[in-house]
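# Report on the structure
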Amino acid sequence: MLEILDYAFMQRALIAAVLVGITAPAVGIYLVQRRQAIMGDGIGHVALTGVALGFLTGTNPVWTAVVVSALGAVLMELIRWYGKTRGDLALAMLFYGGMAGGVLLINLSPTGSNANLTTYLFGSITTVSREDVTAITFLAAFVVLITLGLRRQLFAVCQDEEFARVTGLPVRTLNLLLAITAAVTVTVAMRVVGLLLVSALMVVPVAAAQQATRGFAMTLALAVAIGIVVTLSGTVYSFYEDVPPGASIVVLAIAVFAVITALAAPLARRRARRAAAAEERCTLPVPGARVSAASASAGAGETDDVLL
């Protein structure tokens, strides 16, 4: 098992996997709260154009993907604010435009090919370079700083924008910041999970954690723990079985969700029965209290008769 650490590319891949396991659920919990779970998928398609632009200009595709995906996420937020089109149409434009732009630019690049795009679409542990690890580390630090440092403000905005606006929070700024953070997370995860599957890693660990926990802090902690476990396990499995790591990671995440759901469902039903029984006991009349009330009423009547 530990012989995989003898390979430098696996050391880099495992470091990237841990960072992805932390950042994806940390952002995903806010997207799930806003009912924008598919936002990561749209950003992933836009990031494909950034990857191809990196090959075309001869720069690191991670950094060009950050810039292009951040611009795409901001554009989607602006369209949503000003109501020029519906949100689902904006997502569709991001999907198709990002994919088409990526394929077009990669074929115009003298050093790129569709095979290069495949490694970014589904992830590839053998292609994680030292420069990629450095970039992913800095970007992951930014994501963690935003998602944890501003967790109260972001939670308030995702829970109820109108209430957050009334309380004086800069709702538009926070929405833009969350969109940019989601774009950064997509680029962090694309080398390990792949652009087409990164949205699943943002959503599935959060959905699994919600089955077993109550409260934002506990859900976030469990979602991150699940994210780390499945990314590490999926990366190791892909090394031994020679399969794309993104597919392995997502399948493991779904399996964890299924197991937690199966275990949590009976517990939830048991808690519901206990709560219903407790409520029923509280609503039943107490015989002693009824007699005391009747005696008190009779005593009051006798007193009234005497006074009259």
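Check the entry above for the structure.
What comes next is a walk through the structure. Because the structure is predicted, anything quoted here is derived from the model rather than measured.

### A closer look at the pattern of salt bridges
Within the structure shown, the criterion is met by two salt bridges. Residues R191 and D132 are paired through a salt bridge, measuring 3.1 Å at the closest nitrogen-oxygen approach. A residue pair is termed long-range when its members are at least 10 positions apart, and R191 in the loop between helix 9 (171-189) and helix 10 (198-212) and D132 in helix 6 (residues 130-149) qualify at 59 residues. This pair shows no difference in class: R191 is buried, exactly as D132 is.

### A word on the nonpolar core
Counting 57 residues, the largest nonpolar core has V51, V193 and L195 as its most contacted members. Top contributing element to this core by residue count: helix 2 (residues 39-57), with eight residues.

### What about the packing of aromatic side chains?
Under the definition given, this model contains seven aromatic pairs. Residues F239 and Y240 carry aromatic rings whose centres are separated by 5.1 Å and whose planes lie at 80 degrees to one another, so their mutual orientation is edge-to-face. Accessibility expressed as a relative area gives 23% for F239, which makes it partly exposed. Overall, the relative accessible area of 39% leaves Y240 in the partly exposed class. Here the aromatic cluster, defined as three or more aromatic residues joined through ring pairs, consists of Y7, F9, F239 and Y240.

### Thoughts on the packing of helix 1 (residues 8-33) against helix 10
Contact geometry for helix 1 and helix 10: axes closest at 7 Å, N-to-C directions at 75 degrees. Overall, the two elements helix 1 and helix 10 adopt an arrangement that is roughly perpendicular. In this structure, helix 1 contributes V20, A24, P25, G28, I29, L31 and V32 to the contact, and helix 10 contributes L201, M202, V203, P205, V206 and Q210. Taken together, the residues of the contact of helix 1 with helix 10 break down into 11 nonpolar, two polar and no charged.

### Re helix 2
Across its 19 residues, helix 2 extends 27 Å between first and last C-alpha, which sits within 8% of the 27 Å expected from 1.5 Å per residue. Within helix 2, 16 of the 19 residues are buried, which leaves the element mostly enclosed by the surrounding structure. Downstream of helix 2 by a residue or two, G58 has a phi angle that is positive, lying close to 80 degrees.

### Regarding helix 6
Helix length check: helix 6, at 20 residues, gives a terminal C-alpha distance of 28 Å against a target of 28 Å (1.5 Å per residue), a fit within 8%. Here helix 6 has its buried residues at D132, V133, A135, I136, L139, A140, V143, I146 and T147. The buried residues of helix 6 occupy an angular sector of 160 degrees when the element is viewed end-on, so they sit on one face. Counted as exposed and oriented over 90 degrees from the buried face of helix 6: R130, E131, F138, L145 and G149.

### Considering unusual backbone geometry
Positive phi values are uncommon outside glycine, yet D242 reaches one of about 55 degrees. Inspection of the secondary structure puts D242 in the loop between helix 11 (216-241) and helix 12 (245-283). Residue classification places D242 among the exposed positions, given a relative accessible area of 70%.

### Here we look at the side chain of T49
When you line up the elements, T49 lands in helix 2. Judged by its relative accessible area of 17%, T49 is buried. Every residue in contact with T49, bar those within four places of it in the chain, is listed here: V68, G97, G98, G101, G102 and L105.

Rules used throughout
Residues numbered from 1 in each chain as written. Predicted model: local features only at pLDDT ≥ 70, side-chain atom pairs only at ≥ 80, totals over all residues. Heavy atoms only, no water. Salt bridge = Lys/Arg side-chain N within 4 Å of Asp/Glu carboxyl O. Helix = DSSP H or I, 4+ residues; strand = E, 2+ residues; numbered from the N terminus. Buried < 20%, exposed > 50% of the residue type's maximum accessible area, 1.4 Å probe, protein only. Core = buried A, V, L, I, M, F, W, Y, C linked by side-chain atoms within 4.5 Å. Phe/Tyr/Trp six-rings, centres within 6.5 Å; stacked < 30°, edge-to-face > 60°. Axes fitted to C-alpha atoms, helices over the stretch in contact; angles between N-to-C directions. Parallel < 35°, antiparallel > 145°, perpendicular 65-115°, else oblique. Contact = heavy atoms within 4.5 Å. Nonpolar A, V, L, I, M, F, W, Y, C, P; charged D, E, K, R; others polar. Expected span 1.5 Å × (residues − 1). Arc of directions from axis to C-beta.

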